[in-house]
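Letter by letter, the chains look like this.
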Amino acid sequence: MRLATWNVNSIRTRADRVAAFLQRHDVDVLALQETKCRDDQFPEMVFSALGYEVAHVGHSQWNGVAILSRVGLDDVTLGFPGQPCWADDTSCEARALAATCGGVRVWSLYVPNGRTLADPHYTYKLEWLGALRDSAAGWLAEDPATPVALVGDWNIAPQDDDVWDMSVFSSATHVSALERAAFQAVVDAGYTDVVRPHTPGPGVYTYWDYTQLRFPRREGMRIDFVLGSPAFASRVTNALVDREERKGKGASDHAPVVVELTD
DNA sequence: ATGGTCGTTAGACGA
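Residues numbered from 1 in each chain as written. Chains lettered and ligands numbered in written order. Predicted model: local features only at pLDDT ≥ 70, side-chain atom pairs only at ≥ 80, totals over all residues. Heavy atoms only, no water.

With an unreviewed UniProt entry as reference, chain A is termed Exodeoxyribonuclease III, source organism Blastococcus saxobsidens. Recorded in UniProt for chain A, the comment headed Sequence similarities (unreviewed entry) runs: "Belongs to the DNA repair enzymes AP/ExoA family." (UniProt positions renumbered as here; feature names shortened; annotations may be inferred.)

Chemist: Just give me the short version of the packing of helix H3 (residues 120–142) against helix H4 (residues 177–188), but keep the residues and values in it.
Modeler: For the pair H3 and H4, the least separation of the axes is 9 Å and the interaxial angle reads 15 degrees. Here H3 lies roughly parallel to H4, going by the angle between them. Seen from above, H3 lies across H4 with left-handed handedness. Of the residues in H4, those in contact with Tyr122, Lys125, Leu126, Leu129 and Arg133 of H3 are Leu178, Glu179, Ala182, Ala185 and Val186. (Axes fitted to C-alpha atoms, helices over the stretch in contact; angles between N-to-C directions. Helix = DSSP H or I, 4+ residues; strand = E, 2+ residues; numbered from the N terminus. Parallel < 35°, antiparallel > 145°, perpendicular 65-115°, else oblique. Left-handed = near helix turned anticlockwise from the far one by under 90°. Contact = heavy atoms within 4.5 Å.)

Chemist: Describe the pattern of salt bridges, with residues and values.
Modeler: Using the criterion set out here, one finds 17 salt bridges in the structure. With a shortest N-O distance of 2.8 Å, Asp28 and Arg70 are connected by a salt bridge. Of this pair, Asp28 sits in the loop between helix H1 (11–25) and strand S2 (29–33) while Arg70 sits in the loop between strand S4 (65–69) and strand S5 (74–78), placing them 42 residues apart in sequence. What makes Arg70 partly exposed here is its relative accessible area of 34%. For Glu244, the salt bridge goes to Lys247, with nearest N and O atoms at 2.9 Å. Residue Glu244 is classed as partly exposed on the basis of its relative accessible area of 46%. (Salt bridge = Lys/Arg side-chain N within 4 Å of Asp/Glu carboxyl O. Buried < 20%, exposed > 50% of the residue type's maximum accessible area, 1.4 Å probe, protein only.)

Structure representation (structure tokens):
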């Protein structure tokens, strides 16, 4: 089974590109982040025509997460228990969606950006990650036999070599001690980065800012991750970051991450 | 030259 995750930065703009990616990599399950549309705007036909079922949650032009699967899409869950809400939203932002696909519990996650260290959004980010850790620890305790994958845009660069130049990030989000501790807490809860062993750095990134020629200059960040429970991690045989998808006109600012599992 | 580019949208805001 092949599982992928991709912050697409608008599914309506990139539906055809995503469809081509699914076929090129023979992907069974794809988690998407930043679909940037409401449920009624999601271009489901493009993917159903290729044999994929679709689960999506999106309330507005912001956020939005989806899971596409051609190996079953069951027990769809919107949000995780305890997921904090932003500002005065009556409903939580569309940043977490789960489904069971081919026996794997897949969570498509779009961790809040944080904006700046002084912004309330940064506090929200840390609380969000803390609540995710607590829930994820519970899933593992309740049912360790079911493989669980926490995948998506974590908006954290856990190691110094996950950014091209640490001096640029001296007082920025994504690399702060608290964010890294929040990420590590999920790892400590039993979820392993299954991609890094197959894609050792430095210089391996999943995101490059659109501005300042970041991509051609190879100035990126590794912020998209597949964290697997022990039952998931033990089945991973290969992983890659498809840097080709960041090239050319009409690319997302993120590259997809692909993981291969034994059946 | 204190920006640079995208996406949502119709003036900004978010990333």
